[in-house]
Amino acid sequence: MTTKNSVKNYATVKAAAATTATAKAAGKTVGLAGKAALSLVGLVQIGLALAAFSDLWARPAKQVRLTKPAWIPIILINWVGPLAYFVGGVKR
């Protein structure tokens, strides 16, 4: 049993290494600039959601188009939710 498990583990590790080597050879890795850009996009997305939640919390219910609990899962939808809240969910 131990020999079979070690053979399976070796095969798994070898397959993972081959996949990683193939991705690097094909140029599919993300460089430092790409990682920085993705991090910035992620931070903007989180900031937008936090701003929407903060506004939802502070705004009276009469100034919100749907009920406040209905907006919570909507805001959790990446990019679309917070933008939908600010564009269509707030009465002006």
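Everything that follows concerns the structure shown earlier in this document.
Reference entry: report on the structure contained in this document. Remember, predicted model here, so these are calculated numbers, not experimental data.

A look at the pattern of salt bridges
Working step 1: What the rule picks out here adds up to one salt bridge.
Working step 2: For Arg-59, the salt bridge is made with Asp-55, and the minimal N-O distance between the two is 2.9 Å. In this pair, the class of Arg-59 matches that of Asp-55, namely buried.

As for unusual backbone geometry
Working step 1: Look at Trp-79: it is not a glycine, yet its phi comes out positive at around 60°.
Working step 2: Inspection of the secondary structure puts Trp-79 in the loop between α3 (68–75) and α4 (80–89).
Working step 3: On the basis of relative accessible area, Trp-79 is assigned to the partly exposed category, the value being 33%.

Points about the environment of Tyr-85
Working step 1: Tracing the chain through its elements places Tyr-85 in helix α4.
Working step 2: According to the relative accessible area criterion, Tyr-85 is buried, its value standing at 0%.
Working step 3: Tyr-85 sits 14 residues away from Trp-71 along the chain, and the two C-alpha atoms are 7.3 Å apart.
Working step 4: Beyond its immediate sequence surroundings of up to four residues, Tyr-85 is in contact with Ala-52, Asp-55, Leu-56, Arg-59, Val-64, Trp-71, Ile-75 and Val-90.
Working step 5: A polar atom in the side chain of Tyr-85 sits 2.7 Å from the side chain of Asp-55.

Quick word on the nonpolar core
Working step 1: Ranked by size, the top nonpolar core spans seven residues in total: Ala-52, Leu-56, Val-64, Trp-71, Ile-75, Tyr-85 and Val-90.
Working step 2: Listed by contribution, the elements that provide at least two residues to this core are α2 (32–58) and α3.
Working step 3: If we ignore the near neighbours within four places in the chain, the residues touching Val-64 are Leu-56, Arg-59, Trp-71, Tyr-85, Gly-89 and Lys-91.

What about the packing of α2 against α4?
Working step 1: Here α2 crosses α4 at 40°, and the two axes come no closer than 9 Å. The orientation of α2 with respect to α4, classified from their angle, is oblique. Both α2 and α4 take part in a crossing whose hand is left-handed. Between α2, through Leu-48, Ala-49, Ala-51, Ala-52, Asp-55 and Leu-56, and α4, the contact on the second element is made entirely by Pro-82, Leu-83, Tyr-85 and Phe-86.
Working step 2: Taken together, the residues of the contact of α2 with α4 break down into nine nonpolar, no polar and one charged.

Reading the values: the criteria
- Residues numbered from 1 in each chain as written.
- Predicted model: local features only at pLDDT ≥ 70, side-chain atom pairs only at ≥ 80, totals over all residues.
- Heavy atoms only, no water.
- Salt bridge = Lys/Arg side-chain N within 4 Å of Asp/Glu carboxyl O.
- Buried < 20%, exposed > 50% of the residue type's maximum accessible area, 1.4 Å probe, protein only.
- Helix = DSSP H or I, 4+ residues; strand = E, 2+ residues; numbered from the N terminus.
- Contact = heavy atoms within 4.5 Å.
- Polar contact = N/O pair within 3.5 Å; in protein donor to acceptor, adjacent residues only side chain to side chain.
- Core = buried A, V, L, I, M, F, W, Y, C linked by side-chain atoms within 4.5 Å.
- Axes fitted to C-alpha atoms, helices over the stretch in contact; angles between N-to-C directions.
- Parallel < 35°, antiparallel > 145°, perpendicular 65-115°, else oblique.
- Left-handed = near helix turned anticlockwise from the far one by under 90°.
- Nonpolar A, V, L, I, M, F, W, Y, C, P; charged D, E, K, R; others polar.

Everything listed here is a matter of geometry and, on its own, says nothing about what the molecule does.
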